[in-house]
Amino acid sequence: MRTLLRAVAEPRATRAAYWNEVVAGCLGGLDLRLDDGPDDRDELLIGTVGPLQVAVSRSGPGEATRTAAHARREDPGRYALFVQAEGLTVSEQDGRVARFAPGDIGICDLSRPLHCAYSERRAVMLSYPKALSPLPEHRVADLTGVGIPGSDGTAALVSGLVRQLPEHLDADDGARGARIGAAILDLVNVGLAARLDQERTLPVETRSRALLHRCRGFIESHLADAGLTPAAVAAAHHISLRYLHRLFEPTGESVAALIRSRRLDRCRRDLLDPSLQDRPVAAIGARWGLTSSAHFNRAFKLRFGLPPAEYRAVHGAWEGNRVAL
């Protein structure tokens, strides 16, 4: 379930106080100052995914301050992790200052004062109870006011997934939302532990689930590589092929089956894409690592009921137009 709040929905005379109250509700109290006053750039999308509270903030340039007085009046007992999606932010907590560019990650403790200043921006924030963190609070405190580049490793996966969370606020409620939220939280905890050199202190289950999600993310980003095999996935994560298969056992799907399934999904999408209607079927298969035309035809027919060329002919005109809308 999602709720979209917009500053311009409030009359101009009371807009500033209203918007301060709306944004403060995400952090348990703060003072908000916007350079141009709340306007049509300022909106807040909020929702939940499993144990995570999600807020997507669009804003003109300004500053937000959570003081010691705010923290004393309302201590939510939560951490907030945010990912810069657009624009720039400079954030300060516990005497440390960091600059965040698009993709970068920050963690803050909502029990303590903080301050941030930002350009026109969009940021995605997720908050969760401290009780769901396996790391000691005094160790997490070492990361507040620290910028974490979202460019590689677990941090890149977390950054990408958090930025995609808004897309799941409607569709993934209930059990599926709980699984997605728990998976992201596992990755967050492993990523923070790695920054603190504390990975061995995490429960084995948390590390295993996070490694599974890293492997799935690697597969998703390498589908176009014809050399993507279970052995390549295992090698990229410095684990044995046998251990990789063990990781995937609880999912009920083998590594090879996942690779094949996701490649076929990408091929189906391309076959229905009006902008690719002149691209040969074999070229679409090769684009997603299915270099044998015979194998591609057999696998696609087994999955979708028709060979790829016939599938495009039957479904492409109607579904392709729908995709283009």
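A. Focus on the overall build of the chain. The helix and strand tally for the chain stands at 12 helices and 11 strands. Looking at the chain residue by residue over its 325 residues, the buried ones come to 47%. Taking as baseline every contact in the chain between residues at least 6 positions apart, the subset at least 24 positions apart corresponds to 69%. When the accessible area of the chain is evaluated, it comes to approximately 16,000 Å², of which 53% is carbon and sulfur surface. Charge centroids of the chain, computed over 42 positive and 39 negative side chains, lie 6 Å from each other.

B. Representation of unusual backbone geometry in the model. Here D94, not a glycine, exhibits a phi torsion of approximately 55 degrees, which is positive. Structurally, D94 can be placed in the loop between β7 (89-93) and β8 (96-100). Of note in this structure, H238 is not a glycine but carries a positive phi near 55 degrees. Mapping H238 onto the fold places it in the loop between α7 (230-236) and α8 (241-248).

C. Region of the structure containing helix α9 (residues 255-271). In this model, α9 (17 residues) spans 24 Å end to end at C-alpha, consistent with the 24 Å of a helix rising 1.5 Å per residue. The complete set of buried residues in α9 reads V255, A257, L258, I259, S261, R263, L264, R266, C267, D270 and L271.

D. The confidence of the model for the chain, seen in detail. Counting all residues, the mean pLDDT for the chain is 89, and 95% of those residues have values of 70 or more. Note on residues 318-325: pLDDT under 50 across the span, and 9 contacts to partners over four residues away in sequence or across chains.

E. Spatial organisation of the pattern of salt bridges. Considering all chains together, one arrives at 20 salt bridges under this definition. For the salt bridge of D109 with R112, the shortest nitrogen-to-oxygen distance reads 2.6 Å. For R262, the salt bridge is made with E220, and the minimal N-O distance between the two is 2.5 Å. One end of the pair, R262, is in helix α9; the other, E220, is in helix α6 (residues 204-221), with 42 residues separating them in the sequence. In this structure, a network of salt bridges that share partners links the residues D94, D109, R112, K130 and E137.

F. Structural detail: the packing of aromatic side chains. In this structure the tally under the stated criterion is 7 aromatic pairs. With centroids separated by 6.0 Å and ring planes inclined at 55 degrees, the aromatic side chains of Y79 and Y128 adopt a geometry described as tilted. Of the two residues, Y79 sits in strand β6 (residues 78-86) while Y128 sits in strand β11 (residues 121-129), which places them 49 residues apart along the sequence. In this structure, Y79 and Y128 share a single accessibility class: buried.

G. Expanded view of the nonpolar core. Among the nonpolar cores identified, the biggest contains 34 residues, and L81, I107, L126, Y128, V162, I184 and L192 are the most heavily contacted of them. Taken together, the elements giving at least two residues each to this core come down to β3 (43-49), β4 (52-59), β6, β9 (105-109), β11, α4 (153-164) and α5 (174-195). Broken down by element, the residue count for this core peaks at 8 residues, all from α5. Once residues within four sequence positions are removed from consideration, Y128 is found in contact with P51, L52, R78, Y79, I107, S133, L185, V188, N189 and L192. Of all hydrophobic cores here, the second largest spans 27 residues; its members include I219, L258, L271 and A299.

H. Focus on the side chain of Q93. Assignment of secondary structure puts Q93 in strand β7. A distance of 3.3 Å separates a polar atom in the side chain of Q93 from the backbone oxygen of R112. In this structure the side chain of Q93 is engaged in a polar contact, spanning 3.1 Å, whose partner is the backbone oxygen of P113.

I. Main features of the side chain of E43. Checked against the element boundaries, E43 lands in strand β3. Separated by 3.4 Å, the side chains of E43 and R6 make a polar contact. Not counting residues within four places of it along the chain, the set of residues in contact with E43 comprises L4, L5, R6, W19, V56, S57 and R58.

Conventions and cut-offs
Residues numbered from 1 in each chain as written. Predicted model: local features only at pLDDT ≥ 70, side-chain atom pairs only at ≥ 80, totals over all residues. Heavy atoms only, no water. Helix = DSSP H or I, 4+ residues; strand = E, 2+ residues; numbered from the N terminus. Buried < 20%, exposed > 50% of the residue type's maximum accessible area, 1.4 Å probe, protein only. Contact = heavy atoms within 4.5 Å. Areas by Shrake-Rupley, 256 points an atom, 1.4 Å probe, with all protein chains shown as cover. Lys, Arg positive; Asp, Glu negative; His and termini not counted. Charge placed at Lys NZ, Arg CZ, Asp CG, Glu CD. Expected span 1.5 Å × (residues − 1). pLDDT = per-residue confidence, 0-100. Salt bridge = Lys/Arg side-chain N within 4 Å of Asp/Glu carboxyl O. Phe/Tyr/Trp six-rings, centres within 6.5 Å; stacked < 30°, edge-to-face > 60°. Core = buried A, V, L, I, M, F, W, Y, C linked by side-chain atoms within 4.5 Å. Polar contact = N/O pair within 3.5 Å; in protein donor to acceptor, adjacent residues only side chain to side chain.

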